[in-house]
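Residue-level listing of the chains:
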Number of protein chains: 2
Amino acid sequence: MEVRELTYFVAVAEERHFGRAAARLGIAQPPLSRAIKAIEHRVGVPLFERTSRGVLLTAAGEVLLEDARRLLEASTAAVARARRAGSDQPRLVLVLKPGADGGMLAEVLREYEHAPDAVPVDLHTCGFREHAGLLRAGVGDVALIYGKDPDLAGLDSEELFREGQILVVAQDHPLAARPSITMDEVHAQPTPLWTGDGSVPRQGELPQLVALGRWIHLAPISAGHHLRRDVAAVPVSDAPELPVLLAWPEQHRSKALASFVRTAVDIAAERRSLR
Amino acid sequence: MEVRELTYFVAVAEERHFGRAAARLGIAQPPLSRAIKAIEHRVGVPLFERTSRGVLLTAAGEVLLEDARRLLEASTAAVARARRAGSDQPRLVLVLKPGADGGMLAEVLREYEHAPDAVPVDLHTCGFREHAGLLRAGVGDVALIYGKDPDLAGLDSEELFREGQILVVAQDHPLAARPSITMDEVHAQPTPLWTGDGSVPRQGELPQLVALGRWIHLAPISAGHHLRRDVAAVPVSDAPELPVLLAWPEQHRSKALASFVRTAVDIAAERRSLR
DNA sequence: TTACGTTACGGTCTCCGTAAAAATT
DNA sequence: AATTTTTACGGAGACCGTAACGTAA
């Protein structure tokens, strides 16, 4: 099974229409039709049910679609990683959400510079829940992830520590002056609480909306250090602790990466013991 | 990057020689040389250092080799799985070492027959530490694995229970008559203890060697039920408990598989609570 | 009749194999 | 001189696009 064929298959599977799929692939329908037929012949089972309004996936097609998506992702990731590994000055790409640095990133970077097998670290910022995808796509080598149930498929990870949460509200919000607050109170107050569900906001949009009093949201304590001036943070006494993870592609432990992970884990352990 | 190209690359990387790689691929050297050059051009970095005695992998080549092996494995697995999913009578293939049934397999199979979404279960036996490979290759859907540190890359898993161990010795071994024994005694006695390191024995070879008094080995308690007549089992009071895992390819939870896992987990939990 | 997928056909592009050449020990 | 990789060249096969054809709502 060639990746060109997988690309064709995924296009048809996602468009559920040979014509649209061909357009998306930039080819004519007939070659696409032939290619799919060839695949089905080779696999030995039909992957689509042809109807006069388009196509439907068979059970086998559903199974293949899952694998095919992963394969395509992995194949582009493979060349991306090889390319970076072969560049003159190898670097480590750390993926993180802006501001979500766990309050220890600066120290980790400082320490890592002097570690054995260290290489320069590039920071690649990303949006909500994009970490795993970027690692799997070969864009990044390692990611710093906050969250309860992150998507770790195909990744190895290590928990660095857990962190309490603060509520971020507009400066003139009724809760802004409180020294502390409970989860019940968070849910009881009227301003909507941003949960990350639904549409992903553009970069920097959420702080803006919070400052305008349209939303409030929870954040890890360490994020409180670099909030906008026009918002306030209130400790939430009984908020669940957020795990802070370091994650990297499965079995991709270059020396540079292993050394970075070790440095971060050591510093995290040290900080835990200080508390 | 096409999988044909990856196949070529892996062949050269593993043979470290264009000529041998070409022979293994069943093609002539020149097309192979061209193909590799094309790949290197596309990736943008050299993957091999050509010497007059063959080739060496560059750092980028090493990185790509890891990914390429996984990709090839995954691509064959994808069609294998799709083919099985599309067969007229879908089945669930359970991979396990002969005898390593956790003492509960019969009950799980019996129970599963009546579970919702159940399909017929095929048993596929395998050798020492072959489970993961067979799952990744798409040969099996789910595996029953004993062991402390199994290879779970690319797999999801669930621990069913933990089991104590017995020492399996020849019937006329000095320890055969003991009601119980400690790990210290196991290590102190003279017959070599088989640890699974080194060469993998042929199927059924180890029991033979144990019966002949050439080796002794540890086994989970449940394996004691189907030992040869000419060996004896002695409980080891302080042996570390062996985890018994159910594992399956990451994110491949068909209804049939999910139902099987649930059945097994439920029965395991029930047995734990009975103790 | 319209919208989709499939066959038929001809051209092009890629890939392969044989043969000769370059490079390194 | 021998071994190994690379370049040159000619042919076979794969893939694509246009056009014509089935087929179901």
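Residues numbered from 1 in each chain as written. Chains lettered and ligands numbered in written order. Predicted model: local features only at pLDDT ≥ 70, side-chain atom pairs only at ≥ 80, totals over all residues. Heavy atoms only, no water.

With that out of the way, let us pick up the overall build of chain A. The helix and strand tally for chain A stands at nine helices and 11 strands. Against the globule reference of 19 Å for 275 residues, chain A gives a C-alpha radius of gyration of 23 Å, more extended than a compact globule. Overall, the C-alpha framework of chain A stretches about 70 × 50 × 25 Å when taken along its three principal axes. By residue count, 45% of the 275 residues in chain A fall in the buried class. (Helix = DSSP H or I, 4+ residues; strand = E, 2+ residues; numbered from the N terminus. Rg over C-alpha atoms; globule rule 2.2 N^0.38 Å. Buried < 20%, exposed > 50% of the residue type's maximum accessible area, 1.4 Å probe, protein only.)

Bringing unusual backbone geometry into the picture now. Residues and elements named next belong to chain A. With phi around 55°, Arg-16 is a residue other than glycine that occupies positive phi space. With respect to the helices and strands, Arg-16 occurs in the loop between helix H1 (3-15) and helix H2 (18-25). One non-glycine residue, Asp-117, lies in the positive phi region at around 65°. You can see Asp-117 is positioned in the loop between helix H5 (105-113) and strand E4 (121-125). On the basis of relative accessibility, which here comes to 43%, the residue Asp-117 falls in the partly exposed class.

Moving on to the relation of the copies chain A and chain B. Note on the copies: chain A fits chain B at an RMSD of 0.1 Å, the axial shift is 0.0 Å, and the rotation between them is 179°. Both copies of the chain, as the preceding transformation shows, are related through a two-fold rotation axis. A shared binding surface is used by both copies, with 100% of the interface residues of chain A retained as interface residues in chain B. (Least-squares fit on C-alpha atoms with pLDDT ≥ 70 in both. Contact = heavy atoms within 4.5 Å.)

Quick look at the protein's contact with DNA strand D now. Around DNA strand D, 19 residues are found, and the nearest of them are Tyr8(A), Ala28(A), Ser33(B), Lys37(B) and Arg50(B). Restricting the count to atoms of DNA strand D within 4 Å of the protein gives a sugar and phosphate share of 74%. A distance of 2.9 Å is found between a phosphate oxygen of DNA strand D and a side-chain nitrogen or oxygen belonging to Arg4(A). One of the side-chain nitrogen or oxygen atoms of Arg50(B) is found 2.7 Å away from a phosphate oxygen of DNA strand D. Contributing elements (two or more residues each) for the surface near DNA strand D: H1 and helix H3 (29-43) of chain A together with helix H2 (18-25) and helix H3 (29-43) of chain B. Counting residues per element, the surface near DNA strand D draws most heavily on H3(B), which supplies four residues. Of the residues in the surface near DNA strand D, the class split is seven nonpolar, seven polar and five charged. (Near = heavy atom within 4 Å. Polar contact = N/O pair within 3.5 Å; in protein donor to acceptor, adjacent residues only side chain to side chain. Nonpolar A, V, L, I, M, F, W, Y, C, P; charged D, E, K, R; others polar.)

Turning next to the domain arrangement of chain A. The domain architecture assigned to chain A consists of domain 1 (3-82), domain 2 (89-163 + 241-273) and domain 3 (165-235). Each of domain 1 of chain A and domain 3 of chain A has a C-alpha centre, and the two are 44 Å apart. (Domains from an automatic or database assignment.)

Now for the UniProt feature "domain: HTH lysR-type" (unreviewed entry) in chain A. Residues annotated by UniProt as "domain: HTH lysR-type" (unreviewed entry) correspond here to residues 1-58 of chain A. Spanning residues 1-58 of chain A, this segment combines 62% helix with 14% strand, and its end C-alpha atoms are found 19 Å apart. (UniProt positions renumbered as here; feature names shortened; annotations may be inferred.)

DNA strand C sits among 20 residues. The nearest are Ser33(A), Lys37(A), Arg50(A), Tyr8(B) and Ala28(B). Atoms of DNA strand C within 4 Å of the protein belong to the sugar or the phosphate in 75% of instances, the rest to bases. In this structure, a sugar or linking oxygen belonging to DNA strand C sits 3.1 Å away from a side-chain N or O atom of His17(A). Here Ser33(A) contributes a side-chain N or O atom positioned 2.4 Å from a phosphate oxygen of DNA strand C. Going through the elements one at a time, H2, H3 and strand E2 (54-57) of chain A together with helix H1 (3-15) and H3 of chain B are the ones with two or more residues in the surface near DNA strand C.

Moving on to the interface of chain A and chain B. Counting from both sides, the interface comprises 31 residues of chain A and, opposite them, 31 residues of chain B. Remark: the boundary between chain A and chain B carries two salt bridges. Its salt-bridge partner being Arg81(A), residue Asp67(B) comes within 3.0 Å of it at the nearest N-O pair. Joining chain A to chain B, the criterion identifies 12 residue pairs in polar contact (both at pLDDT 80 or more). Elements with a contribution of two residues or more to the side of chain A that touches chain B: H1, H3 and helix H4 (59-86) of chain A. Sort the elements by how many residues they give to the side of chain A that touches chain B and H4(A) lands first, with 17 residues. By residue class, the composition of the side of chain A that touches chain B is 15 nonpolar, six polar and 10 charged. (Salt bridge = Lys/Arg side-chain N within 4 Å of Asp/Glu carboxyl O.)

This part takes up the packing of H1(A) against H4(A). Residues and elements named next belong to chain A. Following both chains from N to C, one finds H1 and H4 inclined at 125°, their axes separated by 9 Å at the closest point. Here H4 runs oblique to H1, going by the angle between their axes. In this structure, the crossing between H1 and H4 has a hand that is left-handed. Residues Val-3, Leu-6, Thr-7, Phe-9, Val-10, Ala-13 and Glu-14 of H1 lie in contact with H4, whose contacting residues are Gly-61, Leu-64, Leu-65, Ala-68, Arg-69, Leu-71 and Leu-72. (Axes fitted to C-alpha atoms, helices over the stretch in contact; angles between N-to-C directions. Parallel < 35°, antiparallel > 145°, perpendicular 65-115°, else oblique. Left-handed = near helix turned anticlockwise from the far one by under 90°.)

All names here are of chain B. Taking 1.5 Å as the rise per residue, H3 with 15 residues should run 21 Å; its terminal C-alpha atoms sit 21 Å apart, in good agreement. Inspection of H3 places Leu-32, Ala-35, Ile-36, Ile-39, Glu-40 and Val-43 among the buried residues, and these make up the whole buried set. Around the axis of H3, the buried residues are gathered within 135° of arc, so they sit on the same side. More than 90 degrees from the buried face of H3, the exposed residues found are Arg-34, Lys-37 and His-41. Looking one or two residues past H3, Gly-44 carries a phi angle of roughly 100°, positive in sign. (Expected span 1.5 Å × (residues − 1). Arc of directions from axis to C-beta.)

Residues and elements named next belong to chain A. Residue position: Gln-189 is located in the loop between helix H7 (183-188) and strand E8 (193-194). A polar atom in the side chain of Gln-189 sits 3.2 Å from the side chain of His-173. Only 2.7 Å separates the side chain of Gln-189 from the backbone oxygen of Thr-191, close enough to count as a polar contact. With residues near it in sequence (within four places) discarded, Gln-189 still touches His-173, Leu-175 and Ile-216.

Turning our eyes to something else, we now look at the sheet that holds strand E3 (residues 92-96) of chain A. Remark on secondary structure: sheet strands pair via backbone hydrogen bonds, oriented parallel or antiparallel. Residues and elements named next belong to chain A. Strand order in the open sheet made by the five strands is E4-E3-E5-E11-E6, with mixed pairing throughout. Edge strands, defined here as strands with exactly one partner in the open sheet, are E4 and strand E6 (155-163). Recorded for the sheet is a direction-independent mean angle of 20° between the axes of neighbouring strands. Bridge count between E6 and strand E11 (residues 242-249): eight bridges; the pairing is antiparallel. Opposite Asp-156, over in E11, you have Trp-248 as the bridge partner. In this fold H5 packs onto E3 and E4, with an angle of close to 155° to the strand it touches most, E4. (Pairing = 2+ DSSP bridges.)

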